Amino acid sequence: MRIEVDLDLCQGHASCELEAPDVFEVPKRGKVKVLDESPQQDQRREVELAVRYCPTGALKLIDD
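Here we summarise the structure given alongside this text. Residue indices begin from 1 for each chain and proceed along its sequence in written order. Restriction of local features to residues with pLDDT of at least 70 applies here, the model being predicted, together with a cutoff of 80 or more for giving and counting side-chain atom pairs; totals for whole chains, interfaces and linings are based on all residues. As a rule here, side-chain values cover all heavy atoms of the structure and leave hydrogens and water aside.

### Notes on the overall build of the protein chain
Here's step 1: Helix and strand counts for the protein chain come out as 2 helices and 4 strands.
Here's step 2: Element order for the protein chain, N to C, with α for helix and β for strand: β-α-β-β-α-β.
Here's step 3: The C-alpha radius of gyration computed for the protein chain amounts to 10 Å, which stays within 12% of the reference 11 Å derived for 64 residues, consistent with globular compactness.
Here's step 4: On the principal axes, the C-alpha backbone points of the protein chain span a range of 30 × 20 × 15 Å.
Here's step 5: Residue burial is assigned from relative accessible area. The probe radius is 1.4 Å, only protein chains are included, and a residue is buried under 20% of its type maximum, exposed over 50%, and partly exposed in between. A total of 64 residues make up the protein chain; the buried ones form 28% of that total.
Here's step 6: Here, two residues are considered to be in contact whenever any of their heavy atoms come within 4.5 Å of each other. Residue pairs at least 24 apart in sequence account for 57% of intrachain contacts in the protein chain once pairs closer than 6 positions are excluded.
Here's step 7: Accessible surface, the protein chain as shown: approximately 4300 Å² in total, 44% of it carbon and sulfur.
Here's step 8: Note on charges: Lys and Arg go in the positive column, Asp and Glu in the negative column, and His and the chain ends are not counted at all. Taken as the charge location is NZ of Lys, CZ of Arg, CG of Asp or CD of Glu. Each charge sign in the protein chain was given a centre, from 9 positive and 14 negative side chains, and these centres are 6 Å apart. Helix and strand labels come from DSSP, where a helix needs a run of H or I of at least four residues and a strand needs a run of E of at least two; each type is numbered from the N terminus. In this treatment the radius of gyration is a C-alpha quantity, and the globule benchmark scales as 2.2 Å times the residue count to the 0.38 power. The protein chains shown are the only cover counted for residues, whose accessible areas, like all others here, come from Shrake-Rupley with a 1.4 Å probe.

Quick look at the structure:
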């Protein structure tokens, strides 16, 4: 799996970081930074929640 981010949609709410802090980082005044674009399978649930709860729909989870 891999993560895609639409930075035009990201507004820096940091919901993703709350759900998957090992995968996403959001600076205090900025947009999401993906720390691991291809996370391990054991992180899948956290990443799925981050994608689901992104208020702007800026995240996508792609299965390879």
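There's more to say after this.
### Describing the pattern of salt bridges
Here's step 1: Whenever Lys or Arg places a side-chain nitrogen within 4 Å of a carboxyl oxygen from Asp or Glu, that contact is recorded as a salt bridge. Counting across every chain of the model gives 4 salt bridges.
Here's step 2: With its nearest N and O atoms 3.0 Å apart, the salt bridge here joins Arg44 to Glu48. Here the residue Arg44 and the residue Glu48 both occupy positions in helix 2 (residues 44–53), the gap between them amounting to 4 residues, near one helical turn.
Here's step 3: Its relative accessible area of 29% is what places Glu48 among the partly exposed residues.
Here's step 4: Each of Arg2, Glu4 and Asp64 takes part in a single network of salt bridges with overlapping partners.

### Describing the environment of Gly30
Here's step 1: Topologically, Gly30 is positioned in the loop between strand 2 (24–25) and strand 3 (33–34).
Here's step 2: For the pair Gly30 and Lys60, spaced 30 residues apart in sequence, the C-alpha to C-alpha distance is 19 Å.

These figures come from the coordinates and say nothing about function on their own.
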